[in-house]
Amino acid sequence: MALRSILIHPDPRLKKRADPVRAIDDDLRRLADDMLETMYDAPGIGLAAPQVGSNARLLVMDCIKDKDAAPRPMVLLNPAIEWTSDEDSTYEEGCLSIPDQFADVTRPAEVDVSWMGLDGQQHRERFSGLWATCVQHEIDHLNGRLFIDYLTPLKRQLITRKMVKLKREQARETTA
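I will try to describe carefully the structure that is included in this document. (Residues numbered from 1 in each chain as written. Predicted model: local features only at pLDDT ≥ 70, side-chain atom pairs only at ≥ 80, totals over all residues. Heavy atoms only, no water.)

## Things to note about the overall build of the protein
Applicable threshold: A run of DSSP states H or I qualifies as a helix once it reaches four residues; a run of E qualifies as a strand once it reaches two. Both are numbered from the N-terminal end. The globule rule used here is 2.2 Å times the number of residues to the 0.38 power, and the radius of gyration it is set against is calculated over C-alpha atoms.
Across its full length, the protein holds three helices and seven strands. Walking the protein from its N terminus toward its C terminus, one meets helices and strands in the order α-β-β-β-β-β-β-β-α-α. Relative to the compact-globule value of 16 Å for 176 residues, the protein shows a C-alpha radius of gyration of 16 Å, a close match. In terms of overall dimensions, the protein has C-alpha extents of about 45 × 40 × 35 Å along its principal axes.

Pasting the structure below:
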């Protein structure tokens, strides 16, 4: 396993729709393992393949935050939201591709999601609470959408400017 670099917004690869996974092979398993390691190291609760420069419809997540509870790492290939609740939930979201920026986003409180696992089998689960927010956030990444796309144009522009500045500072540090 290896840590992967996380792309920072704005990056055109983050706005591109990811391609369906057609085959499960060693490269895909390695990508999933690397993504889990990268997510835990960040630290985060979810990560989509486009965030590490891969255009595969793959996401990883683990919303267990209790240090005494066993982790529940999940790898979802070609995930699809099959049902959403009428009830909404608002959560202050952040993103590993938009570091240190947070905003309230309203999404369905519960979702049914289907996906293929690394075992090649189809899975389906109803997610609620933080799990529902996370899986919707990560599926948005696979569709080229960021949480800031839910914000007003002014707020989105402000955060984008901060990220451009951050990327400039990081570029200076690596050349210094």
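Read on for the rest.
## Brief notes about the nonpolar core
Cut-off, in case you're wondering: We define the nonpolar core as a collection of buried residues of types Ala, Val, Leu, Ile, Met, Phe, Trp, Tyr and Cys that are connected through side-chain atoms lying within 4.5 Å of one another. For each residue, the accessible area found with a 1.4 Å probe, counting protein chains only, is set against the maximum for its type, and the residue is called buried under 20%, exposed over 50%, and partly exposed in between. We call two residues contacting when some pair of their heavy atoms lies within 4.5 Å.
Core analysis: the biggest nonpolar cluster contains 18 residues, and M61, M74, L76, V113, F127 and V135 have the highest contact counts within it. At the level of elements, strand 2 (58-61), strand 3 (74-84), strand 6 (110-116) and helix 2 (129-142) are the ones that each hand at least two residues to this core. If you tally residues by element for this core, the top one is helix 2, at seven residues. Setting aside residues no more than four positions away along its own chain, M61 makes contact with M39, I45, G46, R72, P73, M74, F127, W131, C134 and V135.

## Considering the environment of I45
Along the chain, I45 falls in the loop between helix 1 (26-41) and strand 1 (46-48). Look at I45 and you get partly exposed, because its relative accessible area is 24%. Each C-alpha atom, one on I45 and one on C134, is 7.3 Å from the other, the two residues being 89 residues apart in sequence.

## Considering the packing of aromatic side chains
Counted only if it meets this: Paired rings are identified among Phe, Tyr and Trp, the last through its six-membered ring, by centres lying within 6.5 Å, and are further divided according to the angle between planes into stacked (under 30 degrees), edge-to-face (over 60) and tilted (the rest). Whether a charge lies above a ring is judged from NZ of Lys or CZ of Arg, which has to be within 6 Å of the ring centre and within 35 degrees of the ring normal.
Going through the model one piece at a time under the given rule, you end up with two aromatic pairs. With 6.3 Å between their ring centres and 20 degrees between their planes, F127 and W131 make a pair best called stacked. Connected via pairs of aromatic rings, a cluster forms that spans W115, F127 and W131. If you follow R72 out to its NZ or CZ, it ends over the ring of W131, 5.2 Å from the centre.

## A word on the layout of surface pockets
As a reminder, the rule being used: We place a 1 Å grid over just the protein atoms. Points where a 1.4 Å probe fits but has no way out form a cavity, open points with protein on both sides within 12 Å along at least 5 of 7 lines form a pocket, and any residue with an atom within 4 Å of a point lines it. Grid points are joined across faces, edges and corners, and a volume is the space filled by probe spheres set on the points.
Put simply, the largest pocket is a space of about 790 Å³. Lining the largest pocket are 33 residues, with P43, G44, I45, G46 and L96 sitting closest to its centre. Those elements that provide at least two residues to the lining of the largest pocket are strand 4 (88-95), strand 5 (98-108) and helix 2. With six residues, the top contributor of residues to the lining of the largest pocket is helix 2.

## Considerations on the side chain of S97
To keep it simple, the criterion reads: For the purposes of these results, a polar contact is taken to be a pair of N or O atoms within 3.5 Å, where, inside protein, one atom must be able to donate a hydrogen and its partner to accept one; residues adjacent in sequence count only when each atom of the pair is a side-chain atom.
In this fold, S97 is placed in the loop between strand 4 and strand 5. Of note is the side chain of S97, whose polar atom sits 2.8 Å from the backbone oxygen of L7. Beyond its immediate chain neighbours, meaning those up to four positions away, S97 contacts I6, L7, I8, H9, L14, Q51 and M163.

## Quick look at the state of the cysteines
Put simply, the test is: In plain terms, two cysteine sulfur atoms within 2.5 Å form what is called a disulfide here.
A full pass over the atoms with the stated rule returns zero disulfides. Here C63 stays free of any disulfide, with the sulfur of C134 as its closest cysteine sulfur at 3.8 Å. On the basis of relative accessibility, which here comes to 4%, the residue C134 falls in the buried class.

## Things to note about the side chain of E138
To be explicit about the condition: Just so you know, the count uses Lys and Arg for positive and Asp and Glu for negative, and it drops His and the chain ends. The rule for a salt bridge is simple: a side-chain nitrogen of Lys or Arg has to be within 4 Å of a carboxyl oxygen of Asp or Glu.
On the secondary structure map, E138 appears in helix 2. Although E138 is buried, it makes no salt bridge; R107 carries the closest opposite charge, 8.4 Å away. Contacts of E138, omitting those with residues within four sequence positions, involve G46, L47, A48, Q51 and L59.

## Considerations on the pairing of strand 3
Using the following cut-off: Paired strands, in this sense, are two strands between which DSSP finds at least two bridges.
Across four bridges, strand 2 lies against strand 3 in antiparallel orientation. Of the residues in strand 3, the one forming a bridge with L59 is L76. Pairing geometry for strand 3 and strand 6, over five bridges, is antiparallel. The residue bridging I81 from the neighbouring strand is V113, located in strand 6.

## Section: the pairing of strand 4
Across seven bridges, strand 4 lies against strand 5 in antiparallel orientation. Note on strand 5: the bridge partner recorded for T90 is T106. Linking two consecutive strands that pair antiparallel, namely strand 4 and strand 5, is a turn of two residues.

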